[in-house]
Amino acid sequence: MALNTNKNPKLYYSIKEVANMIGVNESTLRYWETEFPTLKPKTLEGTKVRQYTDKDIEEIRTIHNLVKVRGFKIAAARKYMSQNRTSVDRSAEVLETLIGVRDQLKELKKRLDGIV
């Protein structure tokens, strides 16, 4: 059995880590938790320390795409997510791919500029 090196060994992320990944404030994440019923990170027993899973992070990326990138109001994003879940997931995935390609192209341009 081969070791899968592509998987992230980390199971849970703190609110600070997730906020940095997505590029929003921690308070924004806490607010989204109150507005989107599908976003419920695990909390440590006896405390209010949030633990986000990869699934939670994908949900946050989807919300970020709708609210921050596409300009949806919270209520409209919530409604859109409940009615068009598969298309929302797909568009968020496409957006992430495009952002990755853009970043690679910027890096390539920077290298080419250094050669010339």
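Higher on the page you've got the structure.
First, a word on what this report is: a plain description of the structure on this page. (Residues numbered from 1 in each chain as written. Predicted model: local features only at pLDDT ≥ 70, side-chain atom pairs only at ≥ 80, totals over all residues. Heavy atoms only, no water.)

**So, the overall build of the chain**
What the chain contains, in helices and strands, is 5 helices and 2 strands. When the helices and strands of the chain are read in sequence order from the N terminus, they spell out α-α-β-β-α-α-α. Evaluated residue by residue, the chain yields a buried proportion of 26% over its 116 residues. Long-range pairs, those at least 24 residues apart, make up 51% of the contacts in the chain with a sequence separation of at least 6. A total of about 8600 Å² of accessible surface is found on the chain, and carbon and sulfur atoms cover 55% of it. (Helix = DSSP H or I, 4+ residues; strand = E, 2+ residues; numbered from the N terminus. Buried < 20%, exposed > 50% of the residue type's maximum accessible area, 1.4 Å probe, protein only. Contact = heavy atoms within 4.5 Å. Areas by Shrake-Rupley, 256 points an atom, 1.4 Å probe, with all protein chains shown as cover.)

**A few points about the nonpolar core**
Counting residues in hydrophobic clusters, the biggest one holds 19 residues, and the most contacted among them are Val18, Leu29, Trp32, Phe36, Tyr52 and Ile60. At the level of elements, helix H1 (15–22), helix H2 (26–35), helix H3 (54–69) and helix H4 (74–83) are the ones that each hand at least two residues to this core. The leading source of residues in this core is H3, at 5 residues. When sequence neighbours within four positions are dropped, the list of residues in contact with tryptophan 32 reads Val24, Leu39, Ile60, Ile63, His64, Val67, Lys68 and Ile74. (Core = buried A, V, L, I, M, F, W, Y, C linked by side-chain atoms within 4.5 Å.)

**Re a nonpolar patch on the surface**
There is a patch of nonpolar side chains on the surface, built from Val101, Leu105, Leu108, Leu112, Ile115 and Val116 and spanning about 640 Å² of accessible area. With respect to the secondary-structure elements, valine 116 resides in the segment after helix H5 (85–115). (Patch = residues over 30% accessible without salt bridge, like charges linked within 9 Å, V, L, I, M, F, W, Y side chains within 5 Å. Salt bridge = Lys/Arg side-chain N within 4 Å of Asp/Glu carboxyl O.)

**Observations regarding the packing of H1 against H3**
In contact at an axis separation of 11 Å, H1 and H3 are set at 40 degrees when each is read in the N-to-C sense. The orientation of H1 with respect to H3, classified from their angle, is oblique. Crossing angle aside, the handedness with which H1 passes H3 is right-handed. The residues of H3 that touch H1, namely those facing Val18, Met21 and Ile22, are Ile57, Ile60, Arg61 and His64. Class assignment for the residues of the contact of H1 with H3 results in 5 nonpolar, 1 polar and 1 charged. (Axes fitted to C-alpha atoms, helices over the stretch in contact; angles between N-to-C directions. Parallel < 35°, antiparallel > 145°, perpendicular 65-115°, else oblique. Left-handed = near helix turned anticlockwise from the far one by under 90°. Nonpolar A, V, L, I, M, F, W, Y, C, P; charged D, E, K, R; others polar.)

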